[in-house]
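# A closer look at the structure
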Amino acid sequence: MAHKWFAKLTVAALTLSLLAGCGGAKQETPSQQPPAQQGQQQQEEQQTQQPQEQTPAKVDFTVGMATDVGGLDDDSFNAAAYRGIMRAVEELGIDKIVIESKRQEDYITNLQTLIDGGADLVWGVGFMMQAALDEVAKNNPDHKFALIDEQVNQPNAASVLFKEQEGSFLVGYIAGKTTQTKRVGFVGGVESPVIGRFEAGYRAGVKAACPDCQVDVIYAAAFDDPAKGKDIALSMFNAGADVVFHAAGGTGQGVIEAAEEKNLFAIGVDSDQNYLAPNNVLTSMIKRVDVAVYDVIKQAVEGNFPAGQVMRFGLADDGVGYADTTLWDKIPEGTKDEVDKWAQAIKEGKVTVPETPEEADTWTPPAL
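The rules behind the values
- Residues numbered from 1 in each chain as written.
- Predicted model: local features only at pLDDT ≥ 70, side-chain atom pairs only at ≥ 80, totals over all residues.
- Heavy atoms only, no water.
- pLDDT = per-residue confidence, 0-100.
- Contact = heavy atoms within 4.5 Å.
- Core = buried A, V, L, I, M, F, W, Y, C linked by side-chain atoms within 4.5 Å.
- Buried < 20%, exposed > 50% of the residue type's maximum accessible area, 1.4 Å probe, protein only.
- Helix = DSSP H or I, 4+ residues; strand = E, 2+ residues; numbered from the N terminus.
- Axes fitted to C-alpha atoms, helices over the stretch in contact; angles between N-to-C directions.
- Parallel < 35°, antiparallel > 145°, perpendicular 65-115°, else oblique.
- Left-handed = near helix turned anticlockwise from the far one by under 90°.
- Nonpolar A, V, L, I, M, F, W, Y, C, P; charged D, E, K, R; others polar.

### Observations regarding the confidence of the model for the chain
In regions of low pLDDT, the predicted coordinates are not meant to be interpreted in detail. Averaged over every residue, the pLDDT of the chain is 88; residues scoring 70 or more account for 85%. Contacts of residues 42–48 to residues separated by more than four positions or lying in other chains number 3 contacts, the stretch itself having pLDDT below 50.

Laid out in structure tokens, this is it:
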């Protein structure tokens with residue numbers, strides 16, 4: 001108990017300084033706000049302000065999170081996970097420690113630093129952290145761990161996965177209906193089963209809406225290189241594509257910049273990215289990482305942590321979908337009803353969306 005008491009006291013100190021010895025990892029402090037959250041806040045400020053709820057009582061529970069190399073300002077899944085933690089801070093009264101990883105080599109050190117800093121539950125964000133989180137969870141059996149986008153086979157860890165192909169199908173259908181050149185693009189971050197699900201679903205959706213459309217696919221081999229993302233997207237636009245979907249984390253920021261520069265369309269991912277270019281982000285494939293993170297934290301606080309479980313969130317679970325800010329006025333009339341019809345068929349199991357690029361190669365859209 002004395003160790004636990006001391007660890008809790010160190011949380012405030014950790015959140016007020018950069019961590020030394022973490023290979024360049026950056027500690028997020030209370031005064032810092034990621035650009036992704038700033039953008040979301042700008043959207044919220046435009047809405048009617050609601051009366052503030054009473055601040056919840058503090059609970060003796062600390063959640064730690066280590067981002068992957070994309071960082072908190074990726075406007076994507078790291079930012080979404082952070083929103084889930086902040087919601088838990090505001091609604092459940094927990095404490096938090098957040099470390100931004102700068103190199104993959106630092107993942108193990110950063111995760112262990114969260115444990116040493118007093119975290120009761122430690123989150124790893126992204127499939128690239130699987131091996132590191134697996135090792136740290138194995139070495140700290142009395143602590144709780146959770147990972148986004150990959151499975152961890154440890155009894156003290158929860159794995160949160162998504163059916164990205166289902167949400168990507170919907171935005172692919174929108175792209176196929178919107179394109180005037182019958183050529184669209186997909187920019188992936190790092191080749192992997194997770195990003196493969198994005199690609200497969202998108203290509204299937206395009207095929208369902210526009211069987212004659214061409215889908216250009218290029219992987220950037222990075223989640224943290226906006227300049228490369230922009231170069232790839234510009235090459236696609238210059239080749240005739242007029243809609244490009246990215247599943248590339250921070251690299252995708254460059255895709256959106258390219259769309260704005262060319263006055264064409266990008267499709268965002270994970271979070272609603274319309275605020276980055278309101279006239280050029282056609283829609284976003286929403287992956288509700290924030291909801292999943294909050295739900296798992298809430299279960300842990302209530303003593304019901306899903307240790308050893310693998311959770312998968314799809315359309316039927318409201319885990320994926322398209323953004324409320326979709327630019328329907330720039331999309332052919334009637335498309336929304338068609339997209340929602342496909343979504344319902346997927347929820348009911350009448351349509352199975354391909355999960356891999358290989359499956360997408362041979363997939364044929366069923367008649368609805």
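### As for the nonpolar core
W123, Y202 and I297 are the most contacted members of the largest nonpolar core, which totals 93 residues. The next biggest cluster of nonpolar side chains, apart from the first, holds 16 residues, and it includes A233, L234, V255 and I256.

### What about the environment of D73?
Considering the arrangement of structural elements, one finds D73 in the loop between β2 (62–66) and α3 (77–92). Judged by its relative accessible area of 37%, D73 is partly exposed. Counting along the chain gives 177 residues from D73 to G250, while the straight-line C-alpha distance between them is 7.5 Å.

### Digging into the packing of helix α6 (residues 164–178) against helix α11 (residues 335–347)
Here α6 crosses α11 at 155°, and the two axes come no closer than 10 Å. It follows from the interaxial angle that α6 and α11 lie roughly antiparallel. Crossing handedness for the pair α6 and α11: right-handed. Here E166, F169, L170, Y173, I174 and K177 of α6 lie close against α11, whose contacting residues are T335, E338, V339, W342, A343 and I346. Here the contact of α6 with α11 is composed, by residue class, of 8 nonpolar, 1 polar and 3 charged.

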